[in-house]
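# Residue-level structural notes
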Amino acid sequence: MSIVSSTGIGSGIDIGTLVSQLVTAEGQPALNAIQRQQDTTNTRLSGLGTLKSALSDFQTVVSKLKDGNLFKTHKAASADESILKVAAGAGSVAGSYAVEVTQLAKAQKSISGEFANSAATVGTGSLTIATTAGASFNVTVASGNNTLLGIRDAINNASGNTSVTASIVNVDNSTGTGTISKLVLTAKNSGLANAFTVTGTDDDGNNADTSGLSQIFSSNLSAQTTATDAIIKVDGQTATRSTNSITDVIQGLTLDLKSAQVGTKVNVDVSLDNEAVNKTLTSFVTAYNKLHTTSKDLGKYGGGTGGSSSGNGALIGDATLRYVTSQVRQDSANPVSSATGNYNSLAMIGIKIDKDGVMSLDSTQLNTALSASLQSVSDVFSSSDGVATRLYSKLDNVLQSGGPLDSQQTSLKKQLSALDSRKADVQVRLDNLQKTLQKQFTAMDVNVGKFKSTGSFLSNWISKL
């Protein structure tokens, strides 16, 4: 509030300070009460945000267990990664295979004869480059692009070229007396289906000689690398593919072929990825305990001496907090009616909650259960009444827009807005009171000054009688 402090001319009283003190005495109790309500509301709003964040983090971990895919995660191992490497993906199943790599897939590479340099003129005409599989494209070579460099760029930029890459190498000539240039054509993909031929029309009228554009035709190219398919044997059964990265021979497995070793069988083992399962379930336990600690702190009673509530949690006495805490613990601990096999609860697979509400994981017990009945363990989490299924549903109801947490936050924000309005109303009232008091005390001060002046006049007059 704006207060002009001035000493009364007539009374000698500090009117500004007096008015300020009176206004403060009048308004401070109301302002303090509003501030206490604002602090309490902000504390609860912050507490709800903390709870919401912890629940959301827990739900993220729960979602990884809800669909059961975790228990279909496998790992694959190759007995000799210098021959082939393996990786397990979706759809892989446990098993063992003997894999023999008899031939690697290779991409065709053809190289031209010698040219003086990359700017050397080759000739004009047209080129047709076609693969064994039937893909083809055409290149027109005219006076503007009839150099080795121009032909390279024309091939690489040709419409419909999905099969060949052209490049130039600068190497020693055949006699070792200088440097020459050669055009190199390389198939973009390996395998026999991607092998290519270069034909066309040479404007010099002869498509079969060693001059002009026909120098680039297949008849005048040297085979640097011949196209081949990859050939493997899986448990004695032959499979031929155009690439060394094979994904469709063994279900869910990617085989990356590294070298051909005829007669050498490499054992490939596929098994459940217990490490991945343990890692995710450890994250589940960690998230549960974090939520438990957060909920406990938010709802704690400080228990100060003499009735003091110092140290109380931000959501002490909150019904939603009690409901969520109770439901999460019950849904985690209760048996699973839809589970099959020998396991129907977290406790039976090594995940237990102690008397203080802290969850722990016994990896040895879990791995034993995984080995004994993988489907049963999966059901504990992901079946229709599974722990993850029911937890996710409860958490979704609590966290959804318009749910109990969202509704409370909306209500508290409205309360804060109303408190701000009340605070503004009090301030308006105090500003008006200040103006009134200032006016009254100023008038009083003027009157006191007049009385003092009259008194001085009378005293002087009397003293002269």
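Per an unreviewed UniProt entry, the chain carries the name Flagellar hook-associated protein 2 and comes from Methylomonas defluvii. Word for word, the UniProt comment on the chain under Function (unreviewed entry) is "Required for morphogenesis and for the elongation of the flagellar filament by facilitating polymerization of the flagellin monomers at the tip of growing filament. Forms a capping structure, which prevents flagellin subunits (transported through the central channel of the flagellum) from leaking out without polymerization at the distal end." Its UniProt record gives the chain the following Subunit (unreviewed entry) comment, quoted word for word: "Homopentamer."

A word on the overall build of the chain. When helices and strands are counted, the chain shows eight helices and 17 strands. Taken over C-alpha atoms, the radius of gyration comes to 44 Å for the chain, far larger than the 23 Å a tight globule of 465 residues would show. When its C-alpha atoms are laid out on the principal axes, the chain stretches across 150 × 75 × 40 Å. Out of the 465 residues in the chain, the part that is buried amounts to 37%. Counted over contacts in the chain with a minimum sequence separation of 6, partners at least 24 positions apart contribute 69%. Of the roughly 23,900 Å² of accessible surface on the chain, 50% is carried by carbon and sulfur atoms. One way to put it: in the chain the 37 positive side-chain charges average out to a point 14 Å from where the 36 negative ones average out.

A few words now on the nonpolar core. Counting residues in each nonpolar core, the largest one holds 46 residues, and the members touching the most others are Leu55, Phe58, Phe284, Leu346, Ile349 and Phe381. Of all the secondary structure elements, the ones that give two or more residues to this core are α1 (15-66), α3 (274-299), α4 (319-333), α5 (363-372), α6 (374-382), α7 (387-399) and α8 (404-463). At nine residues, α1 tops the list of elements feeding residues into this core. Not counting residues up to four positions away in its chain, the partners in contact with Leu346 are Phe284, Ser332, Ile351, Met359, Val380, Phe381 and Val387.

Moving on: the packing of α6 against α7. It is at 3 Å that the axes of α6 and α7 come closest, and there the two elements cross at 15°. For the element pair α6 / α7, the angle class is roughly parallel. Touching Val380, Phe381 and Ser382 of α6 are Val387, Ala388 and Thr389, all from α7. The class makeup of the residues in the contact of α6 with α7 is four nonpolar, two polar and no charged.

We now examine unusual backbone geometry. Despite not being glycine, Asp235 shows a phi value in the positive range, around 50°. Relative to the assigned elements, Asp235 resides in the loop between β11 (230-234) and β12 (237-241). Judged by relative accessible area, Asp235 falls into the partly exposed class, the value being 46%.

The subject of this paragraph is the confidence of the model for the chain. Across the chain, the average pLDDT comes to 89, with 91% of residues at or above 70. With pLDDT under 50 throughout, residues 1-8 is counted as low confidence; its partners more than four residues away or in other chains account for 25 contacts. A low-confidence stretch, residues 304-309 (pLDDT under 50), is modelled with three contacts involving residues beyond four sequence positions or located in other chains.

Looking now at the packing of aromatic side chains. The tally for this structure, following the rule as stated, stands at four aromatic pairs. Both rings, one in Phe71 and one in Phe381, keep their centres 5.8 Å apart while their planes meet at 25°; by these two values the pair is stacked. With Phe71 in the loop between α1 and β1 (74-78) and Phe381 in helix α6, this residue pair connects regions lying 310 residues apart in the sequence. With respect to class, Phe71 is no different from Phe381; both count as buried. An angle of 90° between the planes, with centres 6.1 Å apart, marks the rings of Phe284 and Phe381 as edge-to-face. In this pair, Phe284 sits in helix α3 while Phe381 sits in helix α6, placing the two residues 97 residues apart along the sequence.

Rules used throughout
Residues numbered from 1 in each chain as written. Predicted model: local features only at pLDDT ≥ 70, side-chain atom pairs only at ≥ 80, totals over all residues. Heavy atoms only, no water. UniProt positions renumbered as here; feature names shortened; annotations may be inferred. Helix = DSSP H or I, 4+ residues; strand = E, 2+ residues; numbered from the N terminus. Rg over C-alpha atoms; globule rule 2.2 N^0.38 Å. Buried < 20%, exposed > 50% of the residue type's maximum accessible area, 1.4 Å probe, protein only. Contact = heavy atoms within 4.5 Å. Areas by Shrake-Rupley, 256 points an atom, 1.4 Å probe, with all protein chains shown as cover. Lys, Arg positive; Asp, Glu negative; His and termini not counted. Charge placed at Lys NZ, Arg CZ, Asp CG, Glu CD. Core = buried A, V, L, I, M, F, W, Y, C linked by side-chain atoms within 4.5 Å. Axes fitted to C-alpha atoms, helices over the stretch in contact; angles between N-to-C directions. Parallel < 35°, antiparallel > 145°, perpendicular 65-115°, else oblique. Nonpolar A, V, L, I, M, F, W, Y, C, P; charged D, E, K, R; others polar. pLDDT = per-residue confidence, 0-100. Phe/Tyr/Trp six-rings, centres within 6.5 Å; stacked < 30°, edge-to-face > 60°.

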